[in-house]
Every structure is written in C-alpha cells, then in structure tokens.
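Tertiary structure, described
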Amino acid sequence: MSDSPNKLDLAAVRARLEGARGRDYWRSLEDLASQPEFQELLVREFPQQAVGWSDDEDSAEGRRNFLKLMGASLALAGLAACTRQPTELITPYVRQPEELIPGRPLFYATAVTLNGVANGVLAESHEGRPTKIEGNPEHPATLGAADSFAQASVLQLYDPDRSQTVMFEGELRDWGAFYGAVREVLAAQAASRGAGIRILTETTTSTVIADQIKQIQALYPAAKWHQWEPAGPHNARAAAMQAFGQPTNTYYDVAKANVIVSLDADFLASGVASLRYARQFAARRRVRGNQTEMSRLYVVEPMPTPTGTKADHRLPLRAGDIEEFAWALATGLGAANGPKSGENVDIYKWIGPIARDLQAHKGASLVIAGDYQPPIVHALAHVMNASLGNVGHTVLYTDPIEVNPVDQLASLQDLVKDLDAGAVDLLLVLGGNPVFNAPVEIGMRDRIRKARLRAHLSLQQDETSEMCQWNLPEAHYLETWGDARAFDGTVTIQQPLIEPLYGGRSVLQVLNMLTDKPLTSPYDLVKGYWAAQHKSADFETWWRRAVHDGVVPGTALPTKTPAVRGGAITAPAAPRRLGGTLEVIFRPDPTIYDGRFANNGWLQELPKPITKLTWDNAAYMSLATANRLGVMPEDELYWSTDGVPMVELTYQGRTLKAPVFVQPGHVNGAITLHLGYGRTKAGRAGTGMGFNPYGLRTSQALWNDVGLEAKKTTGTYVFASTQNEHVLDSRRHLYREATIEEYKKNPEAANEGAEAPPRGLTLYPDFPYNGYAWGMAIDLTACTGCGACVVACQAENNIAVVGKDQVRRGRAMHWIRVDNYYSGDPNNPSLYNQPVPCMQCEDAPCELVCPVQATTHSAEGLNDMVYNRCVGTRYCSNNCPYKVRRFNFYLFQDFETPSLKLMRNPDVSVRSRGVMEKCTYCVQRINAAKIDAERADRKVRDGDIQTACQATCPNEAIIFGNINDPDSRVAKMKAEKLNYGMLADLNTRPRTTYLAGLRNPNPEIEG
Amino acid sequence: MPQIFPRSANALVRTSLFGAIFFIGFLGWAGYELDYSHWNTRARVPQEQLVPFSHKHHVGGEGFDCRYCHTSVETSSFAGIPPTQICMNCHSQIWRTSPMLEPVRASYRTNDSLHWTRVHDLPDYVYFNHSIHVAKGVGCESCHGRVDTMPLTWEENALRMEWCLNCHRHPEKYVRPREFVTTMGYQPAGDQEEIGRRLMQEYHIQDARLLTSCSTCHR
C-alpha cells in the first residue's frame, strides 16, 4: 500500500483505531481518517452544495437571482395569500357500493410477487384508488410486514411511463387486432400441432397459469414453454436435483434455530420468505429483562448485506471461496470428507468453534446456502443439516412451489437453439426483459429477431419491447385477478383494486387467447379454476373467504423428508485460483433488483443498505483492492463534485467502465457488481442510470468467477451516496452496543458512561402530558437496515422524489433514514444500522427558533409541523441536532401528472416548494385512531396505532405507542435497561429512544 | 432664483403626510373588508347548482333527517353527498316527469355522476372530521346554520380558522346533547354554558390545549 498524500491517510486511521478505547464507531472512511472536510460536514446542516447557489447549479438559480426572487416573493407573498379559492365540484356515486364509506379506506387482501413467489399484502384503497401496501398478518410469508418492493409497487402502478396501449411496429392498435393476429398464426400452426409457437415467461407459481398452459399444450403439443429469470434461485433448483434426485423446495424455521450459519445467504433481507425469517430471527434475539437467550449467527459473504450486519461473527470471503468453506465446515461436522486445511487460512480459522457450536445444538441449528452459491454449496448445506438432525425442525422440504421448476438457463438456451434454426413462428414474451438481462453471449437483442412474429407483454416499454413487433400493456397486479404460491406453497388469490388504468391484460389473459375458450375474463378464469378444485356446495362461501383472507386454506404443501443421495457429494473441486486477477461477483441490486424496478423513483432513491448509494450501481471493492488498483479516490469524498475514479473491467474479452466504490467489509480481491442498472429504455427515472453489468455476465458465470481484470481508466464519476449526508458525530455514542455476556453481568453495560443531565436543568417550561404521550422505541438488535421503513414512509406521507443531483446535495426528502456505522478494522469492520426518524423532543430545539411558530408542541408531545405557516427560514433545521428536518428547496412534488394524483394519501398534505417537513409520527394515523376510539367512548388501545415504518418492519424493531400507559409495549421497552436517548446529553429529552444493540459472539472466537 | 413652490404649498405637504397615514389605514381597512367580504369567502352566497336542490323544501318542508342523505356523517370524516340512487328512492315515484329533475334521471340512466358545486370548501391542508364533531354533540346547525330555511344552499360561516378556534377553545358554548345534533332551531333547556360543561364531561370532550394543537386539524 502506498503512502502517497493523495491516498486516504491510513496512518491516521491506524492511529485512531489504536487510540480507541472500547467501541469506537465511524461512519465512513473519511470519518475514520478525521478528514477536515468531514469535520466540517458535522457542523453543517447540509453539505456545502446544499445552500442553493453553488456554481454548478443552473445559473438561473444563482445567488443574485435568488435574492431577486426572494425580494419579489416577499412583496407578492401578501397578495398571493388573497387568492380566491377556485370553485370545486363534488361528484357523488350514482350507486354507491354497499361496503364503501367515502372518507374511510378499505383494505383488500392480495399478493405481490417477486420471482413468481407470493408475499401476501393488504392494499389500502381510498374510494377505489390503491394508495398504500401493508403486510397481511394472516399470510405466512409476510406476517403483517412488507418489503420495499411491495411498498413501492404502488408507484409502479401509477408510473406515468407505463405502457399505455397495444402497439404494432410503433403504430397504435387494440387488443382485438392482436387477438386476430394470434388466431391467424394459430390457424396456420394447427397442422404442425403448434411447432412454431414459443412462450417465454418468468418464473411462475400460479396454479391457474399452469392450468392454462396445460390446456395450450393439449391443443398444440409441439408448442414449447420456456422460462427465464435473471436472478432466480437456479442453483437451489439444480442442487435439489443433485442432492435428492427430485425437485425440492427448501424453507427454514428460523424461530427454532439457536445457531445459524449463512453461506452467503442474505436470508433476512432478500429472497423468498425473508420477511418471515427476519421476524423469526428478531424474535429469537429479543432480550428483555431476564429473558437473555439469544440465537447466534455466523455469516460468510463477500459483500456486506443486511444479514451480515446482524452477524455475531462475519467473515468476508470471496464468493468462490465459500464452497471451500462449506466443504471445511461439512468436514468439521463429519458430514463430508473434504480438506481440513488449505492455503487460505481465513477459511479454516473458525471451522472448529462453529462446528462445535452447531453440534451442541443438534436439531436446533441451521445452515443456509445462498441462492447465488453453486449447487454443491447447497448440497453440502443439505448434508450438514441432515447430519445435525435439523431436517423436520429448522429445515423443511416440500415439493417445488413453481409450476415447472426447470433449469431456466437450459430452457433459455433451448429457445435460442430453436431461434437459430428458424423454427419459431410466434414468440410470446410474457413479462420479463430478456433482451436486457439474458446472458451476454447469447446476444438476445439480435437473436430474438429470428422469431417471425414477436409479442412482448410488459408494464413498460423496455429493451425487449423495442425488438418485438407487438407491444402489449400488462395489467399491474393491483389491476387484475390471479393467484400465486408463497414459500411454503400457500396460495393467495390476487384480486384487483382498480380497473386497468390503460386497458392492460395479465399473462393469464394473454395465455388464455391461445386456448379453445379464449377471451374468458380473468375473474372467470381464476374462479373457474378454483371451483373445479373445490367441488362442494359451499364453494361460494369458501371462495369469498379465501379471497377475503388472502390465503387459500390448506394449500401449504406437505413437508417431506427426502434422503440425500449417496453420490450427491463428490470430492471437492480444486479451488479456483485468482492468479493475479480479481473475482467478479454479480448480484441483483438491493433496490431495483434485476432492473425491473429501474423506473421506480422510490426504489432508486432509497439508499441501498450499507452503501447508502442512490440512483447508481458501482464497482464495489475493498480498501486494499482499491489501493492495489491505484484507484483509491483522491480525496475519498463521495459527495465531492470531482467524483471518484473509474475502472475498466475486463472479463472474458468483454469490457465495462465502472466507477469505484470502496466498501469497508468487502472481501479483498473481488469486485461486486449489482445488476439492473444501465437500462437504455426504462422510462424517465431509469434510462441511463448507472452501468450495465449484464454486459459481462455469461451463462458460465451467472454469479461469480475468477479472471476479472481491472485497471484504472480516465474519467471520474459522481455518486449520490447519503452515507456522508446528515452526519452526526459518531464519537458521541449515537449507537450503543454490548455483548450478551456484558449485558448479563451489567444490563446497563451498553449505556455506561452516558451523560444524562438532570431533568430540572433546562430553561424550557415544564409541559404536563395528562392524556396520551406518544413515543417510539427502536430496537437496534432487531434492525437489519433493509430500508422498507423508508419506502413505507414515503408512500404514506406523500414524500417527493428529488433525483440524483439533489440527493447529492443532501436534499433527499426521506423522513426516516437508516444510518450505517462501522467499528474496528476497515477491512473487516462490524456493521451497525440505526433508523433515525424525528426524535419528537420534549424540549425541542427546533420549536424555539421558528419565527412564525410553524413548528409547535402539541399537547401529546408531538413537534407539529404546520406547512401552511412555514415561510422557509430553515432555522429549525439548522437547530436540529439530529438533522431530521427536510426542506423543499424546489418544487419536488409533481402536481401535474394525472396518474400521480391518484396515488397520494388523501390524509396528508402535499408539500410545495419552500416548506420544511419532517416525520410526524404519522399523525394522520394517530388522529384516525383517536377519533375512532373517542367515537366509541374508549381510550386508544395499545397497538391501535401503527406508524407506517412500524407496520412494515419485518423485524418489529420499531414500536410506537402511548408512553403514559405503563402497560404499552413502547413503555415497557423504554423501561428496559438497554434504553437510551440519542444525544440525550443535550437534554432534548427525545421521545424516540433506542434499545442498545446486543450481539452474541462465540467466546471461543477472538475479536 | 425664485421659489418654485408658493408658501401655501406647505399646507399641501402637511396634509399629504397625514393623508398618507389615512390612506394606508384606508388600504388596510379595504383589504380587511375585502378579505372578509361575502364575495371572497362565499359565505351567505347561495350557490347555483345544476339541479336547484332545496334544503328548505326537503328538511323544512318534508322533515327529512340530515342523515337520510348524508349517510356517513356519523362514521367518516366526509358527511357524504347522496348518490343519485338516494334521490331516485323518492323521485322514481314522485315528480317523475319534472324537467327540473331531468339531470338526476339522466345520471341514473347513464351512470354518470351528478356534478354539484361545493358549498363548504376547506383548504386542502385542513382535515375536518364530521363524525367526531357529531359524536361530541356539535349540532349540524352550529356550523351549517338553519339549512331548513335555505332554498339554495349557502355557506353560513366563512370557515375561517379563528371561527373554528372559537369553539375549540370554548366547546361548552356550543355543544348540545347528542339527540339534538340534527335538530334545526335547537334551544338549550337552561343555561348553555352549564349544560355545555356537563356535556363536556359526559362526552369526554378534550381540553382546549389538545383541541388547539396544530396537528388536531393540520397534517
């Protein structure tokens, strides 16, 4: 490593780490090195650029103009207030639906799918407009929580860039014309029994779609159905065949697991059933009073994930080395016969203690293999779980939940072969975007044109639509009927909340066009299928109940106990050496996934877990790797206008230019690339953002491979990462943590040395709270930092999307943020998440400085924000020690686009330019619950009010309630010894407090 | 050089100095009057409607209870404007051929909504809830006036914040027993403030500090 002055001052870092006593937290490498620029950020309300007249901003917004405009607006302010209200109309129903009461929302059970697998949700409808998604408490996969994808699906519905009409070669058509064209092909295909028909879908678990395809295959036996999902669990499927000789679905009961080993599995925040696992995991880690039992988690992974932040021991390993780790662990457990030592000592250093820990908890331990690990790792995990007696306890097997669990890569290659042979007359691409996301060597963009007639059904016009003659608008899941299975096979019937906005149709409906009963309505298709399944006199009641509950009873698949085949585990392959090159790792993006959510502003602007990057992907690498490549960013300031260096990545003769992101905790010698960016046709938010790693991704290496060359290249790139925005001084014990052993000895261990001024020591008047006193407690042990709360808050509170340039200037509008801290060695730090909403201080610094009383104290202890009083002095935000206030520097809200008007929550004001805003504790929900309680002449019960962030949190990390009621959950949490207020030494008396994080490290493992 | 202004001009200057004060005062007064004028607030101005619906006839004459048409007043923030179907409950039997009611029949035939001009229009940042006011004994009349005397409906009060606060600060001056909520021309059986204080206890009406917290109405 070089000590050139341009590089991050590693000497300073080392000095600080050595001088540190106890836990020393840092926010970023800049913070760790105590760079002066970072010190300045601490005392600033916004990064420097945020003041609105920086040089690189539009000159029309320059300082002079700003002053002119201010003068003019002052003069006009009085007159503008005199505007006479325009006349408004009321248009009542002609026949009002019986169950609908105008002004009160209704909730409908349905399911959102990702990779075809269902997450049961409740969709909130205001007079027929779906506005918000909540988890369905009765659904086994969600248990009342919802992830960020589900939360953002509302914006997907109202996306103004949605495909709005049927098109044929760029000309407007209608569904009738498409149907005619299809029937024409079908008539011609009748003789060849459909040999020229190909259907390409994503993964599906829908039993009704399965039924339709069966009907099509009966009519056209030679037609073929292919599937392709770029980020699906391909390896888990292959492993099931390898280990059990039959397709098998695996899921876990994390609640029963005392010791968990994750082999590159981000099971707490991504993938099937992660919401359920997260809730179960959090429940096993919840320490309250005398309940001091905690499960233990070991994670080996290349790039830090939310699961990695929760690990008691986290070992960064290259993705390709995890196989060796799995062999070593299986060998340590006596379940396989592999090597006991190897070149890479890191792999072997913890095997003994982990194996002993697992063996001490036979039947209550769990080894989870990540979806992106090769089949052998999955097979080894199956073997280890079997030898630990976990099968049937923490590991459960069923038949597959997919309709047809084929090897999707082979399926796609099969299609390509037929395309090359000119055997495809009609190609129906139903959902998905294969032109963008198929393995690069296939060259799908050109290959797909070998099909004579191509039709693409999609929510948006995308790269695949460009290559297809017919572009068909797809119905969103909130617009149509359907069904889907959850992780354990439980079926949810999807019901529409709104007529298709643009006349879209679902995959089911398009498939139906090929059957002998075409143009059946989706309702009849779904209901008809289930009527055939449930033949009884009470079907109508049964059906209504199934739709209403969002769960079809008795559809969970029975568990089975397949035996691992003798030959399943062959001898370990020789480890693949880097040989001077780097490892390339492909992963779906944490927020825009495989690229399908690229046009979703909420997800684009959601700071990605750990990196806090928005609107971009990057070449993630470790500090050491960056130094080796000579691409340690010059001043290492990601908000810097100068930008970070670029690297040219070369893998198997293909190259890609990408900006460098140095990620503490990333494994050395590897570069992680998140898929989904670099879209060329995605819509106004997604097109042209980031760079496209699909350009390097081949069939041989879908997830990782050695042989990546990287070299520094010209040019710089500017990121919008919020990691260094809204920073607080990480040395002031913002985050607190203890180990469970320390806690057992002294429950206040985490809070030791904390200063809390006496209550009387304040100039603020004493405020009596006689009725309710709202408060919040956040359990840092539970939070995984997944970010679902941020999107839930955005949907609930009509929060605007500001765009990359504004995020970079520190103007993201999120009312709740999840801060990320590190401690220890920058190469393998411990990771911490801390959600920060408004603290609703009892002695609030913001309230005193407002010259127009736009922020005042409510009788229940809320810091009310009165938008219509706010004149935008920003004194309040300047005086907020937590930096939780957000200012509308520009007109961030889109008041014009009609579809977005439908999306907004009618119970929350839509803020305009020049107004301060912040977390309100979802005061609209508080008031709604209070009014309902008052009307029934009772008090609000504990649990009646759930803030949006609380309701969506899979970990139950956020608890809200009345702290005046000693029996409320929040009051009990606040009574815990772990409870502390952030920056409580300022005597702000925050209503939001934290329970210090706890970890349960293995005493056998050092550090 | 001779003086340009004669000595008498001084008087003009003095007058205009005072005049300016009066003029500014006048402007202020005029602005205030304009702001509070019925033209601006639309208070007490009968609103033209597509169908000249008369509350005077239906409530005053026929004796309809408010809740027959405004069905959600006790359960929702929005009292509810009756769907066409409610009109047709009666008007499919009586006044079946009246040309005045043609828009109502047309709406029922074509399934297109009737378009009513909004009479009570709060700003979008105010969140008023009918159900809680009704439950706490605030009469319809207290805000909407004697609807039973209105041939065409008008807004009785300008719905200014100060007017809302009058009651939120002193609910005892306005609340009435729940059974009289929809009564028009209610007279308290005794001293209003005494009855009001009793009802405030009985109905658990919250104290003024809570009722005047900003977030009670603004979210």
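Residues numbered from 1 in each chain as written. Chains lettered and ligands numbered in written order. Predicted model: local features only at pLDDT ≥ 70, side-chain atom pairs only at ≥ 80, totals over all residues.

Notes on the overall build of chain B
Heads up, the rule is: Runs of E in the DSSP output that reach at least two residues are strands. Runs of H or I that reach at least four are helices, and both are numbered from the N terminus. Radius of gyration here is computed from C-alpha atoms only, and the compact-globule reference equals 2.2 Å multiplied by the residue count raised to the power 0.38.
Across its full length, chain B holds 11 helices and one strand. Along its sequence from the N terminus, chain B presents helices and strands in the succession α-α-α-α-α-α-β-α-α-α-α-α. In terms of overall dimensions, chain B is more spread out than a globule: its C-alpha atoms have a radius of gyration of 25 Å, far above the 17 Å expected for 219 residues. Expressed as lengths along the three principal axes of its C-alpha atoms, the size of chain B is roughly 95 × 50 × 35 Å.

Here we look at the overall build of chain A
The line we're drawing: What counts as a contact here is a pair of residues whose C-beta atoms, placed from the backbone, lie within 7 Å.
If you tally the helices and strands in chain A, you get 32 helices and 41 strands. The C-alpha atoms of chain A give a radius of gyration of 28 Å, which matches the 30 Å a tight globule of 1007 residues would have. For the C-alpha atoms alone, the extent of chain A along its principal axes is close to 90 × 80 × 60 Å. Once local pairs closer than 6 in sequence are excluded, the contacts in chain A between residues at least 24 apart make up 74%.

Regarding the sheet that holds strand 5 (residues 129-135) of chain A
Hydrogen bonds between backbone atoms are what pair the strands of a sheet, whose relative direction is either parallel or antiparallel. All names here are of chain A. What counts, and what does not: Paired strands, as defined in this entry, are two strands with at least two bridges between them according to DSSP. Here an axis means a line fitted to C-alpha atoms, over the contact stretch when the element is a helix, while the angle between two N-to-C directions is reported on a 0 to 180 degree scale.
Sheet architecture is open: three strands sit in the order 3-4-5, paired in antiparallel fashion. Every other strand in the sheet has two partners, leaving strand 3 (106-114) and strand 5 as the edge strands with one partner each. When the angles between neighbouring strand axes are averaged without regard to direction, this sheet yields 40°. Pairing between strand 3 and strand 4 (residues 117-126): nine bridges, direction antiparallel. Among the inter-strand pairings, Ala111 is bridged to a residue of strand 4, identified as Gly120. Helix-sheet contacts for helix 5 (residues 148-158) involve strand 3, strand 4 and strand 5, and the interaxial angle to strand 5 is about 170°.

Focus on the sheet that holds strand 15 (residues 395-398) of chain A
Residues and elements named next belong to chain A. The sheet built from three strands is open, its strands ordered 10-15-21 with antiparallel pairing. Each having just a single partner strand, strand 10 (249-252) and strand 21 (559-560) make up the two edges of the open sheet. In the sheet, strand 15 pairs with strand 21 via two bridges, with the strands oriented antiparallel. Within the sheet, the bridge partner assigned to Tyr397 lies in strand 21 and is Lys560.

A word on the nonpolar core
What counts here: Among buried residues, those of type Ala, Val, Leu, Ile, Met, Phe, Trp, Tyr and Cys that are joined through C-beta atoms within 7 Å form a set called a nonpolar core. Around each residue's C-beta, the other C-beta atoms within 10 Å are counted; 20 or more make the residue buried, 12 or fewer make it exposed, and counts in between make it partly exposed. All C-beta atoms are placed from the backbone.
Leu263, Leu380, Ala619 and Ile671 of chain A are the most contacted members of the largest nonpolar core, which totals 284 residues. What Ile671 of chain A contacts, discounting residues up to four positions off in sequence, is Leu582, Val584, Ile585, Ala619, Tyr620, Met621, Leu649, Leu708 and Ala710 of chain A. Listed in part, the 11 residues of the second largest apolar core include Phe78, Ala135, Val175 and Val181 of chain B.

Overview of the packing of helix 5 of chain A against helix 25 (residues 788-796) of chain A
Residues and elements named next belong to chain A. What counts here: Working definition: roughly parallel below 35 degrees, roughly antiparallel above 145 degrees, roughly perpendicular at 65 to 115 degrees, and oblique for all remaining angles. Take the far helix as your reference; a near helix turned counterclockwise from it by less than a right angle gives a left-handed crossing, and one turned clockwise gives a right-handed crossing. Residues are grouped as follows: Ala, Val, Leu, Ile, Met, Phe, Trp, Tyr, Cys and Pro are nonpolar; Asp, Glu, Lys and Arg are charged; every other residue, Gly included, is polar.
At a closest axis distance of 8 Å, the pairing of helix 5 and helix 25 adopts a crossing angle of 25°. Considering their axes alone, helix 5 and helix 25 lie roughly parallel with respect to each other. In this structure, the crossing between helix 5 and helix 25 has a hand that is left-handed. The segment helix 5 lies against helix 25, with Ser148, Gln151, Ala152 and Val154 engaging Ala788, Val791, Ala792 and Ala795. Grouping the constituent residues of the contact of helix 5 with helix 25 by class yields six nonpolar, two polar and no charged.

Quick notes on the environment of Gly116 of chain A
Residue and element names in this part refer to chain A. By secondary structure assignment, the location of Gly116 is in the loop between strand 3 and strand 4. In the structure, Gly116 is positioned 368 residues away from Ala484 in sequence and 7.1 Å away in space, judged by C-alpha atoms. Contacts of Gly116, omitting those with residues within four sequence positions, involve Glu202, Thr203, Thr204, Thr205, Glu402 and Ala484.

A word on unusual backbone geometry
Residues and elements named next belong to chain A. For Leu143, which is not glycine, the phi torsion reads 50° and is therefore positive. Within the secondary structure layout, Leu143 lies in the loop between strand 5 and helix 5. Here Leu143 falls in the partly exposed class, since 18 other C-beta atoms lie within 10 Å of it. A positive phi angle, close to 45°, is found at Glu169, a residue other than glycine.

Section: the confidence of the model for chain B
Let me state the cut-off plainly: Known as pLDDT, the predictor's confidence for each residue is given on a scale from 0 to 100.
For chain B, the average pLDDT comes to 91, and 100% of its residues sit at 70 or higher. Predicted complex, confidence summary: ipTM 0.90, pTM 0.92.

Notes on the pairing of strand 10 of chain A
Residue and element names in this part refer to chain A. Both faces of strand 10 are covered, namely the face carrying Asn249 and Tyr251 and the face carrying Thr250 and Tyr252. Pairing of strand 10 with strand 15, which is carried by four bridges, proceeds in the antiparallel orientation. Its bridge partner being in strand 15, Tyr251 is matched across the sheet by Leu396.

A closer look at helix 14 (residues 375-387) of chain A
All names here are of chain A. Here is the rule: By definition here, a helix of n residues has an expected span of 1.5 Å times n minus one.
An ideal rise of 1.5 Å per residue puts 18 Å on 13 residues; helix 14 measures up with 18 Å between its terminal C-alpha atoms. With 10 of 13 residues buried, helix 14 lies mostly within the body of the structure. Taken together, the buried positions of helix 14 are Ile376, Val377, His378, Ala379, Leu380, Ala381, His382, Val383, Met384 and Asn385. Phi turns positive, to about 70°, at Gly389, one or two residues after helix 14.

With respect to the pairing of strand 38 (residues 958-962) of chain A
Residue and element names in this part refer to chain A. By the criterion of burial, strand 38 is predominantly enclosed, with five of the five residues buried. Two strands pair when backbone bridges link them, and strand 31 (residues 774-779) and strand 38 are joined in this way by five bridges, in the antiparallel orientation. Bridge pairing in strand 38 links Met776 to Phe960.

Topic: the packing of helix 11 (residues 322-332) of chain A against helix 14 of chain A
Helix packing geometry: the angle between the two helix axes and the distance between the axes. Residues and elements named next belong to chain A. At a closest axis distance of 9 Å, the pairing of helix 11 and helix 14 adopts a crossing angle of 20°. By the angle class used here, helix 11 and helix 14 are roughly parallel. Handedness of the helix 11/helix 14 crossing: left-handed. For the pair formed by helix 11 and helix 14, the contact residues are Ile322, Glu323, Ala326, Trp327, Leu329 and Ala330 on the first element and Ile376, Val377, Leu380, Ala381, Val383 and Met384 on the second. Tallied by class, the residues present in the contact of helix 11 with helix 14 amount to 11 nonpolar, no polar and one charged.

Focus: the interface of chain B and chain A
If you look at the interface, chain B gives 38 residues, while chain A gives 37 residues. Sorting the residues of the side of chain B that touches chain A by element identifies helix 5 (84-91), helix 6 (102-110), strand 1 (116-117), helix 7 (130-135) and helix 11 (208-211) of chain B as the ones contributing at least two each. The dominant element in the side of chain B that touches chain A, judged by the number of residues it contributes, is helix 7 of chain B, at three residues. Taken together, the residues of the side of chain B that touches chain A break down into 13 nonpolar, 19 polar and six charged. Where strand 2 (residues 89-90) of chain A lies against strand 1 of chain B, two bridges are found, and the strand directions are antiparallel.

As for helix 15 (residues 408-420) of chain A
Residues and elements named next belong to chain A. Keep this limit in mind: By arc we mean the arc of the directions from the helix axis to the C-beta atoms, nothing more.
In this model, helix 15 (13 residues) spans 18 Å end to end at C-alpha, consistent with the 18 Å of a helix rising 1.5 Å per residue. Burial in helix 15 covers these residues: Gln408, Leu412, Leu415, Val416 and Leu419. The buried side chains of helix 15 occupy one side of the element, clustering within an arc of 100° when seen end-on. For helix 15, the exposed residues set more than 90 degrees away from the buried face come down to Lys417 and Asp420. As for helix 15, its buried residues are in contact with strand 8 (197-201), strand 9 (224-227), helix 8 (234-244) and helix 17 (444-447). At the exit of helix 15 stands Gly422, carrying a positive phi of roughly 70°.

Comments concerning the confidence of the model for chain A
Close inspection of predicted coordinates is inappropriate for parts of the model with low pLDDT. With 93% of its residues at a pLDDT of 70 or more, chain A shows a mean pLDDT of 89. This model gives residues 1-7 of chain A a pLDDT under 50, and the stretch forms seven contacts once residues within four places in sequence are excluded.

A word on the environment of Pro83 of chain B
With respect to the secondary-structure elements, Pro83 of chain B resides in the loop between helix 4 (66-69) and helix 5. In this structure the C-alpha to C-alpha distance between Pro83 of chain B and Tyr174 of chain B, which are 91 residues apart in sequence, comes to 31 Å. Setting aside chain neighbours within four positions, we find Pro83 of chain B in contact with Pro92, Tyr93, Val94, Arg95 and Gln96 of chain A.

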